[in-house]
Amino acid sequence: MSSSDETVSGGGSAGGSGSSSSGTGGVFGSILTSGKGPREVNPDAFASEIYCPPIKPRLNTYLIMKYERGHEDEPKHLLYQATLQEWARECSREGTDQTRIKLGLSGNVTPGPAWKGGEIVLPIRVAVMPSGDSEKPLMSDLVSVPVTVGQGAPAEGWTMVENKYVVQRNTEVMVVFGFDEGPQKKRR
């Protein structure tokens, strides 16, 4: 057996004596494995980078000011004010052809002079929009975030983290979000 045959088969020593040792034995095996045996390689190390779509708040949906009924825009009748202040996202592979988006949002709820204490449920809309001019979302989700605020209490922080948004990999989309109070009635 020639030295080149031994190298291809991996079963002989580098000296070409024809003696066989274990699968990665001899000098040749030590060189290939740095003397530490076989190394496991994570296949994700060779995968392409994950596309993580941009996120942004929807225009004019980062603030809710809730008043007592019939007293809109009167400061002494303000129940609470909620703000959307920070956001972040993280993406991971889902199967072979999808990306999972983990979205985090946070802000504060500040009680107003008319607040008597209790729970506030913040309605947050998250929509995955296609790139281009289409106004129709690929996916839309209304998330309720409960926040308990006592009477006369200082501002209370709130946080929402959702990991349920899945899109086709390498599809250009944008994630938009904001408070969604439903259809707004026209003021007279």
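Whatever comes next refers back to the structure up there.
Per-chain numbering applies: the sequence of each chain, read as written, is numbered from 1 onward. Only residues with pLDDT of 70 or above have their local features reported here, since the model is predicted, and side-chain atom pairs are shown and tallied only from 80 upward, although totals for entire chains, interfaces and linings are computed over all residues. As a rule here, side-chain values come from all non-hydrogen atoms in the structure, and water together with hydrogens is ignored.

Trainee: How should the packing of aromatic side chains be read in this particular structure?
Mentor: Where two aromatic rings form a pair, the distance of their centres and the angle of their planes describe that pair. Centres within 6.5 Å are what make two rings of Phe, Tyr or Trp a pair, Trp counting through its six-membered ring; a difference in plane orientation under 30 degrees is then read as stacked, over 60 as edge-to-face, and the rest as tilted. Here the structure, examined in full by the defined rule, presents three aromatic pairs. Note on tyrosine 80 and tryptophan 115: the rings are 5.8 Å apart at their centroids and 85° apart in plane angle, and the pair reads as edge-to-face. Separated by 35 residues along the polypeptide, tyrosine 80 in strand E3 (residues 78-94) and tryptophan 115 in the loop between strand E4 (98-111) and strand E5 (118-130) bring together distant segments of the chain. Exposure is judged per residue with a 1.4 Å probe applied to protein chains only, and the accessible area is read against the type maximum: over 50% gives exposed, under 20% gives buried, and values in between give partly exposed. On the basis of relative accessible area, tyrosine 80 is assigned to the buried category, the value being 10%. Overall, tryptophan 115 belongs to the buried group, its relative accessible area being 11%. Note on conventions: DSSP H or I runs of at least 4 residues are helices, E runs of at least 2 residues are strands, and numbering of each starts at the N terminus.

Trainee: What am I meant to see in the state of the cysteines here?
Mentor: What counts as a disulfide here is a pair of cysteine sulfur atoms lying within 2.5 Å. For the structure shown, the criterion picks out one disulfide. Paired through a disulfide, cysteine 52 and cysteine 91 show a sulfur-sulfur distance of 1.9 Å. Because the torsion about its S-S bond is 75°, the bridge between cysteine 52 and cysteine 91 counts as right-handed. Of this pair, cysteine 52 sits in the loop between helix H2 (26-32) and strand E1 (55-57) while cysteine 91 sits in strand E3, and the two are 39 residues apart along the sequence. Judged by relative accessible area, cysteine 91 falls into the buried class, the value being 18%.

Trainee: It is not clear to me how the sheet that holds strand E8 (residues 173-179) should be interpreted in this structure. Could you clarify?
Mentor: The pairing of strands in a sheet comes from backbone hydrogen bonds and takes either a parallel or an antiparallel form. A pair of strands is treated as paired once DSSP finds two or more bridges between them. Spatially, the four strands line up as an open sheet ordered E1-E8-E5-E6, and their pairing is mixed. Whereas interior strands pair on both sides, the edge strands pair on one side only; in this sheet they are E1 and strand E6 (139-149). Going from strand to strand, the sheet's axes swing by 25° on average, the running direction of each strand aside. Across seven bridges, E5 lies against E8 in antiparallel orientation. By the bridge assignment, alanine 127 is partnered in E8 with valine 176. Convention adopted: a line fitted to C-alpha atoms gives each axis, helices being fitted over their contacting stretch, and angles between N-to-C directions are expressed from 0 to 180 degrees.

Trainee: Would you mind going over the nonpolar core with me for this structure?
Mentor: When a protein is soluble and globular, its nonpolar side chains tend to lie buried together. Side-chain atoms within 4.5 Å are what join buried Ala, Val, Leu, Ile, Met, Phe, Trp, Tyr and Cys residues into a set we call a nonpolar core. Judged by nonpolar contacts, the single largest core of 30 residues is most densely connected at Val109, Leu122, Trp158 and Met160. Of all the secondary structure elements, the ones that give two or more residues to this core are E3, E4, E5, E6, strand E7 (156-168) and E8. Sequence-distant contacts of tryptophan 158, that is, excluding residues within four places in its chain, are made with Thr83, Leu84, Leu105, Ser106, Gly107, Asn108, Val109, Leu122, Ile124, Val145, Val147 and Phe179. Between two residues, a contact is recorded if the distance between any of their heavy atoms is within 4.5 Å.

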